[in-house]
Amino acid sequence: MSTIFYNATLFNGKDNGVKQHTWFKVENGKITHLATGDPVRDDVDKLVDLKGKYVTPGLINAHTHMMMNPITNKLEYLSETEVTATALQNLSDLIDSGVTYIRDCGCAFNTDIKLRDFAKTHSIKGPGIIASGRPMSMTGGHGDFKEGSNGEIDWSYLTDSPDEMRKSVRTALKIGADNIKVMATGGVMSAGDNIDDTALTPAEMKVAVAEAHHKGKTVAAHAQGNRGIQNALDAGVDSIEHGIYVDEKQAQFMIDHHVRLVPTLNAAASISKYGRDKLPDYMIRKNDQVKADFFKNVSMAFKKGVKVIVGTDAGTPFNSFKTGTWEEMQLLVNEIGATPTQALFAATKEAADLIGISDEYGILETGKYADFLVLNDDPTQNIDAITQQDKSVYQHGNQIK
C-alpha cells in the first residue's frame, strides 16, 4: 500500500528550520519520494492532507529502563512476568508520547532483548528497541539488585575481574545484546555506594569494549563521579551516561574521540520535584548534593561541543515514560542552553547515530522509515510544541495515535 502525505510543514531532522508545502510518499513503511509543491498523485492508494501542520521525525530516547515502574519504584523480588507486563505498558506509553525508537540500558531477565525479538514476528504497540539486556556490575555495586520471586540475582552480570567480564559480555552478545551497559561508578538509587565511588575497573571495562567492538556493538557507561568517568573514557566506551561530574578536559576528550553524553537530566529533576516525601533519605540526599553541579557541568560540556543526546533514565523514581522525553528536551533548552532545534537534533539524528540506526531512522528523507509526528505548532521555535497531548504519531507510515 502506498500513501502520500501532503501539505506538511517539515522539519526533517538534519536541516535547520522547516520547509512548507512538503509532501512525501510512503510505501512498505519507507519514504520513497519527498518534495515540495503539489504531490504527484499517480499510482497511490491513499492521500492524507496534513493541513499545514508541522511534521518532525519520531523521537528517540537513548536511555530507558522498560522494566521499571516509576511510581512504585520496586526493584527487588520482581518476577519475570511482572517485568514483562510493566515493560509492555511502558512501551505503549512511550510510543503514545511520540517516541518511536529507544535504547534500553539495563533490563532484568533480558526482557528487552526478548521483546525486541518477539516484535519481529508479533504485533507489539511500542517503539523499536535497541536492547542491552542485563548490565555489567561489580559485586556490591550500582546494579547489584536481587530480582525474581526466589531472590535469584538476574538484574546484572556480576563481574569482578577481566576474565569474568569477558565471559559475561560474550554471554550477553550471544543472547543478542545490541549494546553493553557497564557500571563505572556508584549511583543515586543504590544505597550502598556514593556517586563518586569507582566501580568496574578500567581493565574490566577495556575487556567489555574490546569484546563489544569486535562484534560491532557499542558500550555505554553509567558514570557519574569524575574518577569513574575518566576510567570509562580510558576504557574506550562509546557514551557516558549521566556524566554528573564531567570536567572540561574530559569534555574535550569526548569531542576529540566522538564519545557522546546522555545526561538523563530528567532523572534528577523528577526526584527533586516529586520524591521529597516518598523516597528513601539516601536518594534525596545524594540527588540534592549533585543536582546543581550536574546541570552546570552538562551545560559546560554541551557549550564546549560535546554531542549531548536525549535519554531520560525512564523508570527511575517518578521519571515518566509518558512525558519524560519531552521534559528532557525542555531541560536541554531551559537549563543547559540548547536551542529548540538543537534539542530536536539530540532526539532524532544525533540519537540515531549513537544507537546505530541512522541508516534507516532519525531523519525524514527518501529511503528511511516513515516514523514521524504531526504537531500543531513549530517545535523549532518553541520546544513546548513537542508536548502536545493530541499529536498524531506514525510508525512506518501507520498512524499509532
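The coordinates are above.
Residues numbered from 1 in each chain as written. Predicted model: local features only at pLDDT ≥ 70, side-chain atom pairs only at ≥ 80, totals over all residues. Heavy atoms only, no water.

J.: How do you make sense of the overall build of the protein when you look at a structure like this?
T.: Per the secondary structure count, the protein includes eleven helices and 17 strands. Whereas a compact globule of 401 residues would reach a radius of gyration of roughly 21 Å, the protein reaches 21 Å, a difference of no more than 12%. Its C-alpha atoms give the protein principal-axis dimensions of roughly 65 × 45 × 40 Å. Burial status across the protein gives 59% buried among its 401 residues. When contacts within the protein are restricted to residue pairs at least 6 apart in sequence, those whose partners lie at least 24 apart make up 68%. (Helix = DSSP H or I, 4+ residues; strand = E, 2+ residues; numbered from the N terminus. Rg over C-alpha atoms; globule rule 2.2 N^0.38 Å. Buried < 20%, exposed > 50% of the residue type's maximum accessible area, 1.4 Å probe, protein only. Contact = heavy atoms within 4.5 Å.)

J.: I'm lost on helix H7 (residues 265-274) in this one. Help?
T.: Every α-helix winds through 3.6 residues per turn, so residues three or four apart in the chain are directed the same way. For H7, a buried count of eight out of ten residues is recorded, marking the element as mostly surrounded by other parts of the structure. Those residues of H7 that fall on the buried side of the exposure criterion are Leu265, Asn266, Ala267, Ala268, Ala269, Ser270, Ile271 and Ser272. Elements in contact with the buried residues of H7: helix H8 (281-304) and helix H9 (324-336).

J.: What's the story with the side chain of Asp378 in this structure? I'm lost.
T.: Looking at where Asp378 falls in the secondary structure, it is placed in the loop between strand E15 (372-375) and strand E16 (392-395). No salt bridge is formed by the buried Asp378; the nearest opposite charge belongs to Lys391, separated by 14 Å. When residues no more than four places from it in sequence are discounted, the contact partners of Asp378 are Val18, Tyr54 and Ala385. (Lys, Arg positive; Asp, Glu negative; His and termini not counted. Salt bridge = Lys/Arg side-chain N within 4 Å of Asp/Glu carboxyl O.)

J.: What should I look at first to understand the packing of aromatic side chains in this one?
T.: A ring pair, where both rings are aromatic, is described by two values, the distance of the centres and the angle of the planes. In this structure the tally under the stated criterion is nine aromatic pairs. Consider the rings of Phe24 and Phe372, whose centres lie 5.2 Å apart with planes at 90 degrees: the pair is edge-to-face. Taken together, the residues span a long stretch of sequence, with Phe24 in strand E2 (residues 19-27) and Phe372 in strand E15 at a distance of 348 residues. Look at Phe24 and you get buried, because its relative accessible area is 1%. The buried category is assigned to Phe372, whose relative accessible area is 0%. (Phe/Tyr/Trp six-rings, centres within 6.5 Å; stacked < 30°, edge-to-face > 60°.)

J.: How do you make sense of the pattern of salt bridges when you look at a structure like this?
T.: Pairing between side chains becomes possible if they bear opposite charge and their charged atoms approach one another. Under the definition given, this model contains 16 salt bridges. Put simply, Asp117 and Arg116 hold a salt bridge, and the shortest N to O gap is 2.9 Å. The exposure class of Asp117 is partly exposed, given its relative accessible area of 29%. Of the charged contacts in the structure, one is a salt bridge between Asp117 and Lys120, with a shortest N-O distance of 3.3 Å. Connected through shared salt-bridge partners, Arg116, Asp117, Lys120 and Asp178 make up one network.

J.: Any chance you could explain unusual backbone geometry here in plain terms?
T.: Outside of glycine, negative phi angles account for most residues, and trans bonds account for most peptide bonds. With a phi angle near 55 degrees, Lys51 is a residue other than glycine that sits in the positive phi range. If you trace the backbone, Lys51 turns up in the loop between strand E4 (46-49) and strand E5 (54-57). Residue classification places Lys51 among the exposed residues on the basis of a relative accessible area of 66%. Located in the positive-phi region is His242, a residue other than glycine, with phi close to 85 degrees. Along the chain, the position of His242 falls in strand E13 (residues 239-242).

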